[in-house]
Each structure stands twice: as C-alpha cells, then as structure tokens.
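Observations on chain architecture
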Amino acid sequence: MQAAHQGHVPVMLDRIVALLAPALASGGTYVDGTLGLAGHAVAVLDACPQARLVGIDRDPDALEVAGERLARFGDRVTLVRAVYDELPDVLDDLGTPRVEAILADLGLSSLQIDRADRGFAYAVDAPLDMRMGQGEGLSAADVVNTYDAAALTRILRTYGEERFADRIARRIVTARAEEPFTTSARLVQVLSDAIPAAARASGGHPAKRTFQALRIEVNGELDALAGLLPAALAALAPGGRLAVLAYHSLEDRLVKQSFAHATTDTAPRGLPVVPPEHRAKFRQLTRGAERPDAAECATNPRAASARLRATERLKEVAA
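It should be emphasised that the depicted structure is a prediction, and the values quoted were computed from it without experimental measurement. (Residues numbered from 1 in each chain as written. Predicted model: local features only at pLDDT ≥ 70, side-chain atom pairs only at ≥ 80, totals over all residues. Heavy atoms only, no water.)

**Considerations on the sheet that holds strand β1 (residues 28-32)**
Strand order in the open sheet formed by seven strands is β3-β2-β1-β4-β5-β7-β6, and the pairing between neighbours is mixed. With one partner strand each, in any of the chains shown, β3 (77-81) and β6 (282-284) form the two edges of the open sheet. Pairwise comparison of adjacent strand axes, ignoring direction, gives a mean angle of 15° for this sheet. Sheet strands touched by helix α1 (residues 13-20): β1, β4 (99-105), β5 (236-246) and β7 (307-313). Its angle to β5, the strand with the most contacts, is close to 165°. The strands that helix α4 (residues 87-94) touches are β1, β2 (51-57), β3 and β4; relative to β2, the one it contacts most, it runs at about 135°. (Pairing = 2+ DSSP bridges. Helix = DSSP H or I, 4+ residues; strand = E, 2+ residues; numbered from the N terminus. Axes fitted to C-alpha atoms, helices over the stretch in contact; angles between N-to-C directions. Contact = heavy atoms within 4.5 Å.)

Right, dumping it as structure tokens:
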C-alpha cells in the first residue's frame, strides 16, 4: 500500500487550493468528501496550516493509504469511512455542523483504476466488481447477470449515454444464458461484437460507456451526488466554499443545476428591491465549468474530462 500513491496526480490541484484556501485563512474545517489518496488534502493542509481536515471515503484501501500520507499532520486530521452523501451524519457525529470548505472530486482514484482486481478498468481482464466500498452491495457481475434486458437498457442509456443500449443489453442476456459473466474480458468482447463496426472505429473504446454505466449503477453515484450537493451547501459557514470536480456530463449537469439554484434570487420578477429573505445565499466562484489546461492534460491524461465548479456562501446579512 505504501507505494500506491506514487503515480497519483491530483487533478487541477493548484486551482483547487486557490479556490478553497481563502475560506481557511483563519483556520476552520475542510471536508474532503472523496479523500482518495489524499493528494488534494495534503496540498490544502500545507497551504492552510491552521485548518483541520475531515476526510471521507467509502474505500477502506484508500483510507489506509491516505492515513499514511496524512500522518504528519497529526490531530489536524480525522478520517471517516462513509459515502459522501452521509456528510450530515458525519458532521453531526463530530459535533461540527458548519465547515469552511468542502471538496468533492467525483472521479475514480488512481488506486481504484490501477488495481486490476477492483474491476474498474476495461483494458485488463479482472473480476467484474466495481464496488468502491469493497464487499458492499451488488457487484458489476451481479448487475450484468441478474438485471433483465429492459433494466440493462435503462442504465446503459441513462448512465452511459450509450446509443446502442438496447442492442448491448440483448447481447448480454443471450451470452449470460450460456455462461454467467465473471470477468471483464468476456464482457468487453460481447460489447465489442454488439456495436457496429463503423461506431467502433470512431466512438472510442466500445466498453467505455457501458463500464461507466455499470460503475454508476453499482455505487449509486448519481443518487449519492444528488444527496451530497444540498447537504454540502447547507453545511457551509458564511464565507465557506464548495468545489466539485466532475468527469462526465451527468455529474456536471447536477452540479450546474444545484449551483445555479443556490446562486439565484427567489423573489418574483419585477420587484424594485429583493427582500433579504429572497436573496441568493451563494455566489459562483467559477464562470461556468473550468477545465484543466493543455499542459496538465498532456502530463495527466486522466484530467482531460474534468470540469470544476465552485461556489461560496455569502456572509449572512441581517434583514
């Protein structure tokens, strides 16, 4: 485990530190809701020496590695095994109802991608698992072997934005009748055979969208994100900041909608003055979704699809 973080490159690291550090200038609590290998957390704690960290992750392997990397910060660090939408319970248990900064990096950690036995990567043959919290809930094998064709079509179309969802689902059902799926290589072959040759030639790896859909389904990622966003906004102290790194349009759409709602006045149109109770409680810190620059994408290809949005709770003003 000790070398697990050697190839880990945190996405948009300098920009995230720049966005969160002003909220932690006088100390306070920084929550990393997707701690992973703690790359962002280490940088934020170094930049903000008075801040303390609450690091949340559902993956026990990630927490073990993160704990080793964060050991030098001593009692400034508290690590919790949980899913990020459990944020209210975590903060309640710690007696910390309001915090100054929150980060959610929604991508897979390098540990999950690079460990073949976790089953996230379609480029190597591995058990069809994909559970971020190991041993919890249905695995990817359970999904492909038990969901009917209609359910498979729905998740492939909704979570993978796969235009050949119905065709792929029917091929999976046919193939599993001969032998259940246990590893990724056989599933990748079925996916490749199901997609027309012209689409395979121009649409990227034929398994990419299906593996994304299975991962989201197995881990309930969009439901967890939909729960996290309002909880994270509610947990911010005045002047507190929330940053979210998304990696596909489904995640980013939820973040965009949540931030737009939080930063919009609720008063009816046409009022000459917006009453204090109807004023927006947050302001956008990013204009749209920020993307990593070409230099970062060249050195860290995993950053290429990242979209960063951030918002700040406005100082409370008396009515």
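**Quick notes on helix α7 (residues 149-159)**
Along α7, the residues that are buried comprise Ala151, Leu152, Thr153, Ile155, Leu156 and Tyr159. Residues of α7 that are buried in the fold lie against α6 (140-146), α8 (165-178), α11 (208-219), α12 (221-235) and α13 (249-262). One side-chain oxygen of the residue at the start of α7 lies 3.2 Å from the amide nitrogen of alanine 150, identifying that residue as aspartate 148. Looking one or two places after α7, you find glutamate 161, whose phi comes out positive at around 50°. (Buried < 20%, exposed > 50% of the residue type's maximum accessible area, 1.4 Å probe, protein only. Polar contact = N/O pair within 3.5 Å; in protein donor to acceptor, adjacent residues only side chain to side chain.)

**Looking at the environment of arginine 302**
Counting through the fold element by element, arginine 302 comes out in the loop between α14 (294-299) and β7. Overall, the relative accessible area of 39% leaves arginine 302 in the partly exposed class. Distance in space between the C-alpha atoms of arginine 302 and proline 10 is 9.6 Å, their sequence separation being 292 residues.

**Side note on the packing of α12 against α13**
In contact at an axis separation of 10 Å, α12 and α13 are set at 25° when each is read in the N-to-C sense. In terms of axis orientation, α12 runs roughly parallel to α13. Crossing handedness for the pair α12 and α13: right-handed. For the pair α12 and α13, contact is made by Glu221, Leu222, Leu225, Ala226, Leu229 and Leu233 and by Leu250, Glu251, Leu254, Val255, Ser258, Phe259 and Ala262, respectively. Residues that form the contact of α12 with α13 fall into these classes: ten nonpolar, one polar and two charged. (Parallel < 35°, antiparallel > 145°, perpendicular 65-115°, else oblique. Left-handed = near helix turned anticlockwise from the far one by under 90°. Nonpolar A, V, L, I, M, F, W, Y, C, P; charged D, E, K, R; others polar.)

**Brief notes about unusual backbone geometry**
Backbone geometry at alanine 38 places phi at a positive 70°, although glycine is not the residue there. Here alanine 38 shows up in the loop between β1 and α2 (39-47). In this structure, glutamate 161 takes a positive phi of about 50° despite not being glycine. Its location among the elements puts glutamate 161 in the loop between α7 and α8. By relative accessible area, which is 41% here, glutamate 161 ends up partly exposed.

**Digging into the environment of phenylalanine 259**
Summarising the element assignment, phenylalanine 259 is placed in helix α13. Phenylalanine 259 gets classed as buried once you look at its relative accessible area, which sits at 1%. In this structure the C-alpha to C-alpha distance between phenylalanine 259 and glutamate 179, which are 80 residues apart in sequence, comes to 46 Å. Ignoring anything within four residues of it in the chain, the contact list for phenylalanine 259 reads Leu229, Leu233, Leu242, Val244, Gln284, Arg309, Ala310 and Thr311.

**So, the pairing of β7**
Of all seven residues in β7, seven are buried; the element is thus mostly enclosed. Here β7 shows no split at all, with Arg307, Arg309, Thr311 and Arg313 on one side and Leu308, Ala310 and Glu312 on the other all buried. Two strands pair when backbone bridges link them, and β5 and β7 are joined in this way by six bridges, in the antiparallel orientation. Its bridge partner being in β7, alanine 243 is matched across the sheet by alanine 310.

**Notes on the nonpolar core**
Inside soluble globular proteins, nonpolar side chains tend to come together where they are buried. If you look at the biggest cluster of nonpolar residues, it comprises 34 residues, and the most contacted ones within it are Leu128, Ile168, Ile172, Phe181, Leu187 and Phe211. For this core, the secondary-structure elements that each account for two or more residues are α6, α7, α8, α9 (184-194) and α11. With 33 residues, the next largest nonpolar core counts Ala38, Val42, Cys48 and Phe73 among its residues. (Core = buried A, V, L, I, M, F, W, Y, C linked by side-chain atoms within 4.5 Å.)

**What about the pattern of salt bridges?**
Counting across every chain of the model gives nine salt bridges. In this structure, arginine 15 and glutamate 290 form a salt bridge, with 2.8 Å as the shortest nitrogen-oxygen distance. Linking arginine 15 in helix α1 with glutamate 290 in the loop between β6 and α14, this pair joins segments that are 275 residues apart in sequence. Across the salt bridge formed by aspartate 252 and arginine 309, the nearest N and O atoms sit 2.8 Å from each other. (Salt bridge = Lys/Arg side-chain N within 4 Å of Asp/Glu carboxyl O.)

Everything listed is a geometric property; what it means functionally is a separate question.
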